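Letter by letter, the chains look like this.
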Amino acid sequence: MEREDIIKSLNKDLESVKNKNDLAQVKANYLGKNGIVTNLSLKMKEIPNEEKKEYGKFLNEIKVSVTEKLENCASSIEQQELEEKLNKEKIDITLPSRRKMKGSIHPMTRVVEELEDLFVSMGYDVVSGPEIDTDLNCFTKLNLPEGHPARDSQDTFYLDKDYLLRPHTSPAQVRTMEANVNKEPLRIVCPGKVYRRDDDATHSHQFMQFEGLVVGEDISLADLKGTLELFAKKLLGEKTKVRFRPSYFPFTEPSCEVDVSCFKCGGKGCSLCKQTGWIEVLGAGVVHPNVLKMSGYDPEKYTGFAFGPGIDRFAMFKYGITDIRQIYTNDIRFLEQFDRKDVD
Ligand code: DAH
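Residues numbered from 1 in each chain as written. Predicted model: local features only at pLDDT ≥ 70, side-chain atom pairs only at ≥ 80, totals over all residues. Heavy atoms only, no water.

A. Broad picture of the site of the ligand. Surrounding the ligand, one finds 15 residues, the nearest of these being H168, S170, R196, Q209 and E211. The contact in question runs from a nitrogen atom of the ligand to an N or O atom on the side chain of H168, over 2.9 Å. Contact distances for the ligand include 3.0 Å between a nitrogen atom and a side-chain N or O atom of S170. Secondary-structure elements contributing two or more residues to the shell around the ligand are β5 (206–216), β8 (278–287) and β9 (303–309). (Near = heavy atom within 4 Å. Polar contact = N/O pair within 3.5 Å; in protein donor to acceptor, adjacent residues only side chain to side chain. Helix = DSSP H or I, 4+ residues; strand = E, 2+ residues; numbered from the N terminus.)

In structure tokens form, the structure reads like this:
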């Protein structure tokens, strides 16, 4: 083949080259082991001596031209690929930025944290317990005799005959005493979810309680009163009045229910407090000797007090929530209102 023919056919081949792979193929066709140019070089030995010089020159020119053409093609492919990449990665700096979503602390979590801080400042430990607990811990060891109405499966979610979704946080008392037998003073609070068969605007099948227990050698009803007064005033405001009414709980003796002056009307009477001026917030009492005994404490030596408010109400009051079920539906539109800077 003449030099021009080779260059012509190379030009033609290069026209259809689209990428590096195509180019590698063309390169092999010319300069590879069995390539056109390589075969021409091999022919050198057949060339008579007097023509060798001429043929060598011809070969050299071919090689230089072919190599140059292939190199040019390689660099234009590279350039083209670079441009494609740059086009693909182009950033339009005029586009609006993506909105960053900011999380917020759930109103219930805020109340729990506030209460925990208060009790930790008074020397209490914060403990937690399982939401699935035994009938033994939830009822029997809290002196709730067989046949007590609270055991009724109408009120409680039983999983089988021994296990249930805890209907109150009071089993935390049993668990803590059993884990610390005769340690005193014992001061714990246990925030947590509890479950009952209830569902309307003021009752949810799931709600939050905040159990408290103190056991020691000289613990009396007076300590309970002082503690709960502080609790109510810190959480609901210094002007809050607290009143204790005698009541009955199997796990305390004596027992009381605690009312606070209505947080909506301040005690004048309104729809929230049903015109009474008072709102019931918790049950409490002096720990029943049977409860101490069943968890390994000597009731002759130790006494204690316990209390167990439902705390959803506090969150409803503090954050103006009208339906308790909103607290648990996790509707992001509802939760977004409680951005920390808006409410604190
Ligand atoms: N566990 C009770 C309830 O769920 C509340 C309660 C009452 C807790 C008296 C106590 C207590 O610790 O001493 O209704």
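B. Expanded view of the pattern of salt bridges. For the structure on display, the rule yields 14 salt bridges. The shortest N-O distance in the salt bridge between K161 and D162 comes to 3.5 Å. D162 gets classed as partly exposed once you look at its relative accessible area, which sits at 39%. Put simply, R245 and E257 hold a salt bridge, and the shortest N to O gap is 3.5 Å. In this pair, R245 sits in strand β6 (residues 242–249) while E257 sits in strand β7 (residues 252–261), placing the two residues 12 residues apart along the sequence. Given a relative accessible area of 17%, E257 falls into the buried group. By sharing partners, the salt bridges in this structure join R243, R245, E257, D259 and E280 into a single network. (Salt bridge = Lys/Arg side-chain N within 4 Å of Asp/Glu carboxyl O. Buried < 20%, exposed > 50% of the residue type's maximum accessible area, 1.4 Å probe, protein only.)

C. Structural context of the sheet that holds strand β4 (residues 186–195). With mixed pairing, seven strands are arranged side by side in an open sheet as β1-β4-β5-β9-β8-β7-β6. Of all the strands in the sheet, just β1 (125–126) and β6 have a single pairing partner and so form its edges. Where β5 and β9 come together, five bridges link them in antiparallel fashion. Residue pairing in the sheet places G212 in a bridge with F307 of β9. Sheet contacts for helix α5 (residues 107–121): β1, β4, β5 and β9; angle to β5, the most-contacted strand, approximately 5°. In this fold helix α8 (residues 221–236) packs onto β6, β7, β8 and β9, with an angle of close to 30° to the strand it touches most, β9. (Pairing = 2+ DSSP bridges. Contact = heavy atoms within 4.5 Å. Axes fitted to C-alpha atoms, helices over the stretch in contact; angles between N-to-C directions.)

D. Quick peek at the pairing of β9. The element β9 is largely enclosed, with a buried count of five among its seven residues. In terms of strand pairing, β8 meets β9 through five bridges, oriented antiparallel. Bridged to G283 within β9 is G308.

E. Expanded view of the nonpolar core. Counting 44 residues, the largest nonpolar core has F307, I311 and F314 as the members making the most contacts within it. Put simply, the parts of the chain that give this core at least two residues each are α5, β5, α8, β7, β8, β9, α10 (312–319) and α12 (332–335). For I311, the contacting residues outside a window of four places in its chain are M108, V111, V112, L115, M208, Q209 and F210. (Core = buried A, V, L, I, M, F, W, Y, C linked by side-chain atoms within 4.5 Å.)

F. Local environment of the side chain of H106. For H106, the location among the structural elements is in the loop between α4 (49–88) and α5. Accessibility expressed as a relative area gives 17% for H106, which makes it buried. Reaching out from H106, the side chain makes a polar contact with the backbone nitrogen of M108 at a distance of 3.0 Å. Every residue in contact with H106, bar those within four places of it in the chain, is listed here: I327, N330 and L335.

G. Representation of the packing of α8 against α10. Axis separation between α8 and α10 bottoms out at 11 Å; the angle between their running directions is 30°. The orientation of α8 with respect to α10, classified from their angle, is roughly parallel. Mapping the contact onto sequence places F231, L235 and L236 in α8 and F314, F317 and K318 in α10. Residue composition of the contact of α8 with α10, by class: five nonpolar, no polar and one charged. (Parallel < 35°, antiparallel > 145°, perpendicular 65-115°, else oblique. Nonpolar A, V, L, I, M, F, W, Y, C, P; charged D, E, K, R; others polar.)

H. Region of interest: the packing of aromatic side chains. Scanning the model with the defined rule gives 13 aromatic pairs in all. An angle of 50° between the planes, with centres 6.4 Å apart, marks the rings of F231 and F307 as tilted. With F231 in helix α8 and F307 in strand β9, the pair connects residues that are 76 residues apart, well separated along the chain. Residue F231 shares its accessibility class with F307, and that shared class is buried. (Phe/Tyr/Trp six-rings, centres within 6.5 Å; stacked < 30°, edge-to-face > 60°.)

I. Fine view of a negative patch on the surface. Together, D152, D155, D198, D199 and D200 line one region of the surface with negative charge. Secondary-structure assignment places D199 in the loop between β4 and β5. A residue is classified by how much of its surface remains accessible, and D199, at 52% relative accessible area, is exposed. (Patch = residues over 30% accessible without salt bridge, like charges linked within 9 Å, V, L, I, M, F, W, Y side chains within 5 Å. Areas by Shrake-Rupley, 256 points an atom, 1.4 Å probe, with all protein chains shown as cover. Lys, Arg positive; Asp, Glu negative; His and termini not counted. Charge placed at Lys NZ, Arg CZ, Asp CG, Glu CD.)

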